[in-house]
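# Residue-level structure breakdown
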Amino acid sequence: MPSGLLALLDDVAAIAKVAAASIDDIGAAAGRAGSKAAAVVIDDAAVTPRYVTGFSPARELPMIWKIAKGSIKNKMLFLLPAAVLLGQFAPFLIPVILIIGGLFLCYEAAEKVLEMFHIDETNVHDTPAIIEGENREDEMVSGAIRTDFILSAEIMAIALSEVADEVWWQQAIILAIIGIVITIVVYGAVALIVKMDDVGLHLAQTREGAMARFGHGLVSFMPTLLQTISVIGTLAMAWVGGGLLVHNAAELGWHGPEHLIEMIAEPIVHAVPMGMQGFLDWLVFAVLSGLAGTAIGAVIAPIIHKVVPHGEGH
């Protein structure tokens, strides 16, 4: 009897070790997949404040909460099941979907670059004046949730490509973790961004001395912060979008772009000490992928602007 109990305890311990290893594997895979989707996350955080601009400060946080709930619904109810089914029954479509997603990211990045340099302003977004009304609020929230669906689909597709070799239930757990964490990070950041100027204004009006100066500085810093986030998001989208095109074109058998980047990168990487070569290799690939992505997007963006009526674009 004692030997049977010891055997049972050994079995339980072995199962616990396997479960712990699985949890570690899931956590590591979620981290890798989430890092790959970072560019889309930055874009999401940069884009969303536009949807609450022009509304009274009292409505900003409730609107962000509505958008966040819609984002969770997008990810958990629609995109996660679709991604798991895709991973199980049609994994060969993942590179194709990622290429489509890469083209979208390249378009988004190029659109911002073209607007920045006033090359193509057919899709410039105007900042609205103060707007009130429940119907207008619902319209903007719905628009934000639709945009979130596209960006969330990109996040799920990128994450799925990193965990395609996992069993279906691990894929589901990893994608759920990524979806929940990213939603919290994005909309927490958005809430902080849109309320920072209100906090600064409150400090400037109600405090004196250093705190009042800090409040004035916070209000003055907000346009710079928003512009910086937008620039970082643009660079990240170009890099990730171009990288998706290069890598997945190779997955489908077209290795030309990947080999070209490797040929350009090789002499540059070998010109620096060994300890810096890994970082420089990544940096050169990121820069060249970003340039390629921006060039491709610059071809796509004006065409889309002619097809999609003004104001309906992202």
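Everything quoted here is computed from the prediction, not taken from an experiment. (Residues numbered from 1 in each chain as written. Predicted model: local features only at pLDDT ≥ 70, side-chain atom pairs only at ≥ 80, totals over all residues. Heavy atoms only, no water.)

### Points about the overall build of the protein
Of the regular secondary structure elements, the protein holds 10 helices and 0 strands. In the protein, the succession of helices and strands from N to C terminus is α-α-α-α-α-α-α-α-α-α. Going through the 314 residues of the protein one by one, you find that 42% of them count as buried. Accessible area of the protein: about 16900 Å², with a carbon and sulfur share of 71%. (Helix = DSSP H or I, 4+ residues; strand = E, 2+ residues; numbered from the N terminus. Buried < 20%, exposed > 50% of the residue type's maximum accessible area, 1.4 Å probe, protein only. Areas by Shrake-Rupley, 256 points an atom, 1.4 Å probe, with all protein chains shown as cover.)

### Thoughts on the nonpolar core
Within the largest apolar cluster, 49 residues are counted, with the highest numbers of intra-cluster contacts made by Ile64, Leu80 and Leu175. When contributions to this core are tallied by element, the ones reaching two or more residues are helix H2 (38-47), helix H3 (49-52), helix H4 (57-89), helix H5 (94-116), helix H6 (134-162), helix H7 (168-206) and helix H8 (209-251). Setting aside anything within four residues of it in sequence, one finds Ile64 in contact with Val52, Tyr187, Val190, Ala191 and Val194. Residues Ile193, Met196, Leu225 and Ile229 belong to the second largest nonpolar core, which totals 6 residues. (Core = buried A, V, L, I, M, F, W, Y, C linked by side-chain atoms within 4.5 Å. Contact = heavy atoms within 4.5 Å.)

### Digging into the pattern of salt bridges
Summed over all chains, the structure comprises 8 salt bridges. Between Glu60 and Lys195 there is a salt bridge; the shortest N-O distance is 3.4 Å. Highlighted residues: Glu60 in helix H4 and Lys195 in helix H7, separated in sequence by 135 residues. Across the pair, Lys195 and Glu60 agree in class, each one buried. A salt bridge links Glu108 to Lys112; its shortest N-O distance comes to 3.8 Å. A residue pair is termed a helical-turn pair when its members lie 3 or 4 positions apart in one helix, as Glu108 and Lys112 do in helix H5 at 4 residues. Each member of the pair, Glu108 as well as Lys112, carries the same accessibility label: buried. (Salt bridge = Lys/Arg side-chain N within 4 Å of Asp/Glu carboxyl O.)

### What to know about the packing of H5 against H8
For the pair H5 and H8, interaxial distance at closest approach is 7 Å and the crossing angle is 150°. The pairing of H5 with H8 is recorded here as roughly antiparallel in orientation. Like other packed secondary-structure pairs, H5 and H8 cross with a definite hand, here left-handed. The residues of H8 that touch H5, namely those facing Pro95, Leu98, Ile99, Gly102, Leu103, Leu105, Cys106, Glu108, Ala109, Lys112 and Val113, are Ser230, Thr234, Met237, Ala238, Val240, Gly241, Gly242, Leu244, Leu245, Asn248, Ala249 and Glu251. Here the residues of the contact of H5 with H8 are counted per class, giving 14 nonpolar, 6 polar and 3 charged. (Axes fitted to C-alpha atoms, helices over the stretch in contact; angles between N-to-C directions. Parallel < 35°, antiparallel > 145°, perpendicular 65-115°, else oblique. Left-handed = near helix turned anticlockwise from the far one by under 90°. Nonpolar A, V, L, I, M, F, W, Y, C, P; charged D, E, K, R; others polar.)

### A look at the confidence of the model for the protein
Confidence in the prediction of the protein, expressed as mean pLDDT, is 81, and 80% of residues score 70 or more. Note on residues 125-131: pLDDT under 50 across the span, and 14 contacts to partners over four residues away in sequence or across chains. (pLDDT = per-residue confidence, 0-100.)

### Some details on the packing of H5 against helix H10 (residues 274-307)
The N-to-C vectors of H5 and H10 enclose an angle of 80°; their axes lie 7 Å apart at closest approach. Taken together, the axis directions place H5 and H10 in an arrangement best described as roughly perpendicular. Of H10, the residues touching H5 (which contributes Leu103, Cys106, Tyr107, Ala110, Glu111, Val113 and Leu114) are Gly293, Thr294, Ile296, Gly297, Ala298, Ile300, Ala301, Pro302, Ile304 and His305. Split into classes, the residues belonging to the contact of H5 with H10 amount to 12 nonpolar, 4 polar and 1 charged.

### Section: H7
Compared with the 57 Å implied by 1.5 Å per residue over 39 residues, the 55 Å span of H7 between its first and last C-alpha is a close match. Bending of H7 peaks at approximately 40° at the position of Lys195. (Expected span 1.5 Å × (residues − 1). Bend = angle between axes of the 7 residues up to and from the residue.)

### A closer look at empty space enclosed by the protein
Taken as a whole and judged by the stated rule, the model has 1 cavity of 30 Å³ or more. In this structure, the largest cavity occupies an estimated 40 Å³ of space. Every residue along the wall of the largest cavity is listed here: Asp44, Val47, Thr48, Tyr51, Ile67, Ala144, Thr147, Asp148 and Tyr187. Within the residue set of the lining of the largest cavity, elements represented by two or more residues are H2 and H6. Element by element, the count of residues in the lining of the largest cavity is highest for H6, at 3 residues. (1 Å grid on protein atoms, 1.4 Å probe; cavity = no way out; pocket = protein on both sides within 12 Å on 5 of 7 lines; lining within 4 Å. Points joined across faces, edges and corners; volume = space filled by probe spheres on them.)

### What about the environment of Pro95?
Among the secondary structure elements, Pro95 is positioned in helix H5. The sequence separation of Pro95 and Leu244 amounts to 149 residues, and the corresponding C-alpha distance is 8.5 Å. Here Pro95 is in contact with Asn248, Glu251 and Leu252, once residues within four sequence places are set aside.

### A look at the packing of aromatic side chains
The full count for this structure, using the stated rule, is 3 aromatic pairs. An angle of 80° between the planes, with centres 5.6 Å apart, marks the rings of Trp239 and Trp282 as edge-to-face. Here Trp239 is found in helix H8, whereas its partner Trp282 is found in helix H10, with 43 residues between them in sequence. Using a relative accessible area of 29% as the deciding quantity, one classes Trp239 as partly exposed. Residue class for Trp282 comes out partly exposed when judged on its relative accessible area of 43%. Every member of this aromatic cluster is reached through a ring pair, and the members are Trp239, Phe279 and Trp282. (Phe/Tyr/Trp six-rings, centres within 6.5 Å; stacked < 30°, edge-to-face > 60°.)

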